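Listed below are the residues making up each chain.
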Amino acid sequence: MRIEDSIPSKASEFSDLVDSEAGASNTADIAFHFTKQLYNVSIPENSVAKTYATQAPGSDLMGIRLPSDTFTDLRYKIVEDKYVLQVRATASIKEGKQKVQYTSDATVVVTVLDTNDLSPLFYPIEYNATVFEDTPVHQSILKVVAEDADLGRNGEIYYSFLEETDMFAIHPVTGVISLRQRSGCQSERNVQSGQSEDQSETSELFAPEIRIRRHPQIVENSNADIYAIVNVSDRDDGIHGEISSLEIVDGDPDGHFRIRPTRQKGEYSIEVLKLLDRETTPQGYQLQLRARDRGIPPRESYKSVPVQLTDLNDNAPVFNKGIYDVKVPETAPVNTPLIRLKVTDADEGKNAQVFLEIVGGNEGGEFTINAETGMLYTAVPLDAESKQFYSLTVSAIDQGNVGTRKQSSAKVKIYVEDTNDNDPIFEKSELTVWIDENMPAGTSVTTVHAKDRDRGENAYISYLIANLNKVPFEIDHFSGIIKTTQLLDYESMRREYILRVRASDWGLPYRRQTEMQLTVKVKDINDNRPQFEKIDCVGHLSRYIPIGTEIITLSAIDFDTGNTISYRIVSGNEDGCFSMDATSGTITVSCDLTDIRVSERELNVTATDNTHFADIVRVRIKLVNSKRNTMSSQLLTDDTGTFDCKDTGVARRLREVLADAEDNNKPLAQEEFPMMPTRYGQNVHSPEFIDFPVEIKLVIEIWDTTESLSTESRAETRIRSFALDMETGELKVIGYLDREREYEYYLNVTVYDLGKPQKSSSRVLPITVLDVNDNAPKFEKNLASFRVTENALNGTAIFRANATDADEGDNAKVTYTLVTDTRDFHVDKITGVLTVSNSLDRERQDLYELRIRATDGGGKGPDNPPLYSEALVRISIDDINDNAPKFSLPSYTVKIREDIPKGTVVAVVTASDPDLGPEGEVVYSLEDTDSEGTFKIDRWSGTIRTVRPLDFEERQVHSLTVFASDKGNPSLSSEASVTVNVVDVNENMYAPQFSDFVLTGKVNENQPVGSFVMQVNATDMDAPGGDSNIEYSIRGGDGIGIFSIDNKVAAHQHLLRVYYQVQVWLGYQLDPTDWGWKLVDNTLEPVQTVLPPAPEKLLNTIFCNCKKGCSAKCGCKKVGLFCSLACTNCQGRSCSNVVSLTEEDSFDSNEDTSLLTQFTCTQNEDEEEQEEEEEREQEQEEREEFDGYNSDE
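Predicted model only: the values in this text are computed from it and were never measured.

Draft legend 1. Molecular detail of the overall build of the protein. A count of helical and extended segments in the protein gives five helices and 85 strands. Put simply, the protein has 1193 residues, and 42% of those count as buried. When contacts within the protein are restricted to residue pairs at least 6 apart in sequence, those whose partners lie at least 24 apart make up 69%.

Put into structure tokens, the structure is as follows:
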């Protein structure tokens, strides 16, 4: 870069006023004092010896104004030299023979002015920057800083590149370097600033690359330390290719992993820091790695590392309860579902697959469990009487690998509820008891006992006699005691009773009853005395009948059966003349009656059954002395012979009793009790269905999550979706019904009775599941992507949506709508065809995400809306070249200083083309017809730079036309105007300078007007141009205008050739003014002195001010009083101009002497030093000679 400092047009001034009093003589009429007591002068820094300190242009002259013909000797002297100078003037005058001395003091404040003697310095002198390939154009890269110790404009700095480049631009004032072109590949740029070269680092185009070698999975809770090996590399060179760090930035909130470098460069390991638990993070981990290099700024890259955790069988199955309580009626049929045991396992796969089994409490095999579903069923009929409580231990074991399987268990307490399933049972089904006749009413016959194995009221028994005919017995309903209700007579009543004693429990819903046969036999007892058929017998008996003659037979009847009657004479036979057969009751003569002295005998006869005695019967025998029939052995015949007895009617009564007994004990014509086998005996009849439905149609979609099932389904279904209440016959849904999965069921409904043996009947019940709107339409594809050009015509078909509904009828009718709010596309309601409905413009919208909704025809009312589903259709709009590049502004106006360095960025125009690809790439061009190539534009970035220096004085406004064209075929373009206003910069930095502070000229008197007097020359250090063109004028001191000066040639036009010996001093001011934008002037005070012609020596002292010894080596030599106009021996080296002086009487006033120059050549350092030394010695000799001459004058 070239850094130029600008030199201010006016040096900074400062002044410290120091007051002093001028000394004066005692002579009152002569004013001897300085024009001012304080003067401000300035001198450039680093000035060489004998450089004049000058006042500011236009200031009053420094010195003492003297009246004419007064003082002859005036001298100035610095009495104090400390930048604040005390100047004293002394003069003397002769008053007569006396010499009067005058003195005066003044203060001169010297200000040291800054000169541009220091070059700008960079700090630091080297800058390194990395430019990424994706760095946006116009982005700042770095800022360079230089400092200049000079003051004011001398210290102001412009920055520019020494070598022209289109890749970068530098701001001329701030030093900020920015990118102006995108670098498409890795490249190296060297940017030079000033005289030093600034080499930037390689433009970093590559981020670190991450490669991973990892295990496919890691087992949870394992002791594995290393999960993956990560290799990180960077294709860059140097420090930019070094890896700074690799770290986990996301996906591991709890810090289970860490990154550790290995011994191999660029290799890292991902280690497991903590035990991993798959159940805590079932989805695993998604580690986000970030690799960063050491570049400045560092580049980063990211890599996602999935960590899949393999399940370890570290979790045992868990029951939702530890103890389950279940109640089941004992009448539950086999395969009755009791409860579903819910078991979960936090593991996955086989480790979470749980099988259940009953491991305890099921010794009799009463229950089974579905190993997969956990449903517990009855396996055999239950009997609460035999066992009313079961405590099952159910084990859940997962299906992990052998040796790793885990199990848990739960208790299932099953309470078998008693039902009235047992009949009362008598101790004996048949019983025969005897009862004595003639027992009083209420006599206990027997007590019957029945037992019921049920419990509670099901076992509470009551008794009754179920005979239909009345019997002389009763039974206590609760105790079972059977009693007589009347006196029983064996002889006249039934001798045997068959009682049906019924025992009935109090169970629900019906009572169970049983009967027994009780045979009550009436036992005959000797409760009747023998009774004689005839009593009070009186007969006549001959005394002469032989001994042994049967005289009478007495007959006694005993109503009791089986009794043997014996007879005896209880009295009247003391002499034993009569005897009576004990068995037959026949009385015979056992003595000679003749011996009996009495005429009449009375026998008292009785009969006995060995228990009871009959009443005594008196037999009166009258003895007669007749001898008739004496020879007969039997006196009495059946007609009682000669005895006359009284009939008692016992025989008649006996006949009646026997008739009653026969009548009461004969077989009955019909049973006096119901048939036992018909009602309470063998189970003969099967149950019969009443009002059995022909078909059931269900409109239901439910899932019954009831944990305990108290109902029983005998339906032979695969998934047990139904249950049938075994008491009420109510059919319930206990499972999930899905018409789309199975729309029809055939249930085999069986009804059982509880008889013995059990009887049953079965019927098939068809169940049809009716459709409800439970399925939303389903698209064939939920996501589809298409491309269409932006010039597609309206009606162009793009996609046909196809959705189906698993329901039926109106529930399956699908209509299509476009949910996305757009007018560019339309979907047909019936067919689902998606078409273009408006003009497409990729630049307006390049991607459409259209949601197509398929709605079924189901749903009635707000509480049951129709179901729908949506599909996403992505439509990408392909570009065509239909847009010309467009500038961000139609016109640009910029202002720029005229002194900016070459290559400075003036403006950046931007145009955008919304098209894609080559059609959207913009190329810039510049039409600079009226600026003669002052500017150029970067065809890619639109950066306008200066090619040549600007000059406000030459041209203030530049009008440019910029064209932006795309690369389409055909290409489209647009234009914008750029107006560059050049801002003037005060380049008039130096004031014209005369060769000396006081110039002395001479003219002879009596010269005509217009005669040449002298020529003054001033030089201006500004660059050639208006700022260095000088005009001259006389500002004062010439009285009434005696002299005039050419404003450009600087020649006095009053020339006198007459020499006077008396010196005449004319003081006037010459003002040379340059033509800069800001006028800078300087004032010279020449003193006109009329003198004799000058010696030849003076004329020969005019010398050429050749720099660096050019007078010797470069042919820079004096020709008369002029320096040569060009170097004559430069040998191709450059020369610089220096304004020269001339002194010729015949000078042509029309010649522009301000252009007279001498030249300086650039040489080697050794040659320059030698020539400079020779030049200084020559100049010193000439100045000493010239000073000596002035001293003589």
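Once the structure has been displayed, the description carries forward.
Draft legend 2. Structural detail: helix H1 (residues 650-665). In this model H1 runs 22 Å from its N-terminal to its C-terminal C-alpha over 16 residues, within 8% of the 22 Å that 1.5 Å per residue would give. In the core, the buried residues of H1 are packed alongside strand E40 (531-532) and strand E43 (556-557).

Draft legend 3. Representation of the environment of Asp277. Positionally, Asp277 belongs in the loop between strand E18 (267-272) and strand E19 (285-293). Among the residues examined, Asp277 registers a relative accessible area of 27% and is labelled partly exposed. C-alpha of Asp277 to C-alpha of Asn221: the two residues are 56 residues apart in sequence and 6.2 Å apart in space. Once you skip the residues sitting within four places of it in the chain, Asp277 turns out to touch Glu220, Asn221, Leu309 and Asp314. Side chain to side chain, Asp277 and Thr280 meet in a polar contact 2.9 Å long.

Draft legend 4. Inspection of the sheet that holds strand E56 (residues 783-789) at higher detail. The mixed open sheet is built from four strands, whose spatial order is E56-E63-E62-E59. A strand with exactly one partner marks an edge of an open sheet, and here the two such strands are E56 and strand E59 (814-818). In this sheet, neighbouring strand axes are inclined to one another by 25 degrees on average, regardless of whether the strands run parallel or antiparallel.

Draft legend 5. Fine view of the state of the cysteines. Using the criterion set out here, one finds two disulfides in the structure. The disulfide that involves Cys537 links it to Cys645, with 1.6 Å between the sulfurs. Where Cys537 bonds to Cys645 through sulfur, the torsion about that S-S bond is close to 115 degrees, and the disulfide is right-handed. A residue pair is termed long-range when its members are at least 10 positions apart, and Cys537 in strand E41 (residues 534-542) and Cys645 in strand E49 (residues 644-647) qualify at 108 residues. Each sulfur in the disulfide pair Cys577 and Cys591 lies 2.0 Å from the other.

Draft legend 6. Quick peek at the pairing of strand E65 (residues 891-897). The alternating pattern of E65 places Tyr892, Val894 and Ile896 on a buried face, while none of Ser891, Thr893, Lys895 and Arg897, on the opposite face, is buried. Taken together, the seven bridges between E65 and strand E72 (residues 973-983) define a ladder with parallel strand orientation. Each residue of the ladder has a partner; that of Lys895, found in E72, is Asn981.

Draft legend 7. Layout of the packing of aromatic side chains. Taken as a whole, this structure holds 16 aromatic pairs when the rule is applied. Cation over ring: Arg939 sits above Trp940, and NZ or CZ is 4.6 Å from the ring centre.

Draft legend 8. Geometry of a nonpolar patch on the surface. A grouping of Tyr460, Phe478 and Trp506 is seen on the molecular surface, where their side chains present a nonpolar patch of about 330 Å² in accessible area. Considering the arrangement of structural elements, one finds Trp506 in the loop between strand E38 (496-505) and strand E39 (513-523). For Trp506, a relative accessible area of 33% corresponds to the partly exposed category.

Draft legend 9. Region of the structure containing the confidence of the model for the protein. Across the protein, pLDDT averages 76, with 77% of residues at or above 70. Mean pLDDT across the elements of the protein ranges from a minimum in strand E12 (residues 196-199), with 33, to a maximum in strand E61 (residues 833-836), with 94. Between residues 701-719, whose pLDDT stays under 50, and residues either more than four places distant or in other chains, the model counts 58 contacts. Below a pLDDT of 50 lies the segment residues 1084-1164, which in the model reaches 202 contacts outside its immediate sequence neighbourhood of four places, other chains included.

Parameters and conventions
- Residues numbered from 1 in each chain as written.
- Predicted model: local features only at pLDDT ≥ 70, side-chain atom pairs only at ≥ 80, totals over all residues.
- Heavy atoms only, no water.
- Helix = DSSP H or I, 4+ residues; strand = E, 2+ residues; numbered from the N terminus.
- Buried < 20%, exposed > 50% of the residue type's maximum accessible area, 1.4 Å probe, protein only.
- Contact = heavy atoms within 4.5 Å.
- Expected span 1.5 Å × (residues − 1).
- Polar contact = N/O pair within 3.5 Å; in protein donor to acceptor, adjacent residues only side chain to side chain.
- Pairing = 2+ DSSP bridges.
- Axes fitted to C-alpha atoms, helices over the stretch in contact; angles between N-to-C directions.
- Disulfide = S-S within 2.5 Å.
- Phe/Tyr/Trp six-rings, centres within 6.5 Å; stacked < 30°, edge-to-face > 60°.
- Lys NZ or Arg CZ within 6 Å of the ring centre and 35° of its normal.
- Patch = residues over 30% accessible without salt bridge, like charges linked within 9 Å, V, L, I, M, F, W, Y side chains within 5 Å.
- Areas by Shrake-Rupley, 256 points an atom, 1.4 Å probe, with all protein chains shown as cover.
- Salt bridge = Lys/Arg side-chain N within 4 Å of Asp/Glu carboxyl O.
- pLDDT = per-residue confidence, 0-100.

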